[in-house]
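# Residue-level structure breakdown
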Amino acid sequence: MKEALMNITNLHVQVDGTFILKGLNLVVNKGEIHAIMGPNGSGKSTLAKVIAGHPSYKVLDGSIVVNGQNITEIDPETRAHMGIFLAFQYPIEIPGVSNIEFLRLAYNCKRKAHNLAELDPLSFFQLVNDKLKMIGMDSKFLNRNVNEGFSGGEKKKNEILQMSLLKPVISLLDETDSGLDIDALRIIGDSINELFSQQQSMILITHYQRLLDYVQPHFVHIMHEGQIKLTGDASLAKELETNGYHLLNMKVPK
């Protein structure tokens, strides 16, 4: 029997006075990868930010339950320690903060929250070096400021590096494929597959089929007007690529 890792029920969300999510429901079981697609403004990124606990998004109704715990009112730091990870569509630059110090602080904060000993700089460097090789990043990026001067692909690789270190139970990847060339997309896809385990779940938010050529989702959902309107297997993404969002008119009852 499948075990639900996250259960979202009747979620209504408002931001800056605008209703974005309008009664969204979603169940994600352990070991599942879900892809969420949909036109601009349908609420895909809003959903990811609400799960992560972004303070600008107001939950008006509904609940988000992770591992049996209602997290709807929990602060984002606690959610991160619980294992919820958000890879941003547009990762921000942090001038004056080296990448390795940022990564070590994030890693040790999570260990501290779970009453584990923090890693010293040398031990952490050895750990992160192994992760770099898997993702195909040069170690020179560790000493540069966080994302400062990074290309789009390098920023996305850095997000996957964070994910590999933090080992989340739920990973929310918001358009991780945007801005990637073919080689970077393949590396990101291979890294995601290598990092994923049956004790985790993952939500991939994307506009395109191309990421799903590398990371096979168990379910594909199409969002529109703040709700999931259509759900299917991986073939649904290919249908969408062929027919565009006219597919909603073809398959969703009026």
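Everything numeric here is computed off the predicted structure, so don't read it as measured data.

### Comments concerning the pattern of salt bridges
Applying the stated rule across the entire model yields 4 salt bridges. We note a salt bridge from Lys30 to Glu3, for which the minimum N-O separation is 3.6 Å. Linking Lys30 in the loop between strand S2 (18-29) and strand S3 (33-37) with Glu3 in the segment before strand S1 (4-15), this pair joins segments that are 27 residues apart in sequence. Lys30 sits in the partly exposed class, given a relative accessible area of 26%. The shortest N-O distance in the salt bridge between Lys155 and Glu93 comes to 3.6 Å. Remark: Glu93 occurs in the loop between strand S6 (84-87) and strand S7 (94-98) and Lys155 occurs in helix H5 (residues 152-166); sequence separation between them is 62 residues.

### Observations regarding the UniProt feature "domain: ABC transporter" (unreviewed entry) in the protein
According to UniProt, the positions carrying the feature "domain: ABC transporter" (unreviewed entry) are residues 6-250. Counted over residues 6-250, helix gives 36% and strand 29%. Its end C-alpha atoms are 30 Å apart.

### Points about the pairing of S2
Side-chain positions along a regular strand alternate between the two faces of the sheet. Relative to S2, S1 runs antiparallel, the two sharing 9 bridges. The partner of Ile8 across the bridge, within S2, is Leu26. Counted between consecutive antiparallel strands, the loop separating S1 from S2 contains 2 residues, among which Asp16 sits at a positive phi close to 50 degrees.

### Considering the sheet that holds strand S9 (residues 170-174)
The 6 strands lie next to each other as S6-S9-S10-S3-S11-S12, forming an open sheet whose pairing is mixed. Of all strands in the sheet, those with a lone pairing partner are S6 and strand S12 (227-232), marking the two edges. Across the sheet, the mean angle separating the axes of adjacent strands is 20 degrees when strand polarity is ignored. Direction of pairing for S6 relative to S9: parallel, over a ladder of 4 bridges. When the bridges of S9 are listed, Ala87 appears paired with Leu173.

### Thoughts on H5
For H5, spanning 15 residues, the distance from its first C-alpha to its last is 22 Å, which sits close to the expected 21 Å at 1.5 Å a residue. Looking only at H5, the buried set comprises Gly153, Lys155, Lys156, Lys157, Asn158, Glu159, Ile160, Leu161, Gln162, Met163, Ser164 and Leu165. Looking one or two residues beyond H5, the residue adopting positive phi is Lys167, at roughly 45 degrees.

### Side note on the sheet that holds strand S4 (residues 58-66)
Ordered in space as S2-S1-S4-S5, the 4 strands form an open sheet in which the pairing is antiparallel. The strands lining the two open edges of the sheet, one partner per strand, are S2 and strand S5 (69-70). Direction of pairing for S1 relative to S4: antiparallel, over a ladder of 7 bridges. Across the sheet, the residue bridging to Gln14 is Lys58, located in S4.

### Structural notes on the side chain of Glu32
Mapped onto the fold, Glu32 is located in the loop between S2 and S3. Looking at Glu32, its side chain comes within polar contact range of the main-chain nitrogen of Asn29, at 3.0 Å. A polar side-chain atom of Glu32 sits 2.8 Å from a polar atom in the side chain of His34. Those residues in contact with Glu32 that lie beyond four places of it in its chain are Lys2, Val27, Phe196, Gln200, Ser201, Met202, His218 and Phe219.

The rules behind the values
- Within each chain, residue numbers correspond to sequence positions counted from 1 in written order.
- Per-residue local features are limited, in this predicted model, to residues with pLDDT of at least 70; the limit for side-chain atom pairs, both in listing and counting, is 80 or more; totals at the level of whole chains, interfaces and linings are taken over all residues.
- Side-chain calculation: all heavy atoms of the structure are included, whereas hydrogens and water are not.
- By salt bridge we mean one thing: a side-chain nitrogen of Lys or Arg within 4 Å of a carboxyl oxygen of Asp or Glu.
- Numbering of helices and strands runs from the N terminus; a helix is a DSSP stretch of H or I covering at least four residues, while a strand is a stretch of E covering at least two.
- Residue burial is assigned from relative accessible area. The probe radius is 1.4 Å, only protein chains are included, and a residue is buried under 20% of its type maximum, exposed over 50%, and partly exposed in between.
- UniProt positions are given in the numbering used here, feature names are shortened, and annotations may be inferred rather than shown by experiment.
- Strand pairing is assigned whenever DSSP detects at least two bridges linking the two strands.
- Note on geometry: axes are lines fitted to C-alpha atoms, helical ones only across the stretch in contact, with angles between N-to-C directions running from 0 to 180 degrees.
- To estimate the expected span of a helix, count its residues, drop one, and scale the result by 1.5 Å.
- What qualifies as a polar contact is a pair of N or O atoms within 3.5 Å, subject to a donor-acceptor requirement within protein and to the restriction that residues adjacent in sequence count only when both atoms come from side chains.
- Throughout, a contact is declared for two residues whenever any of their heavy atoms are within 4.5 Å.

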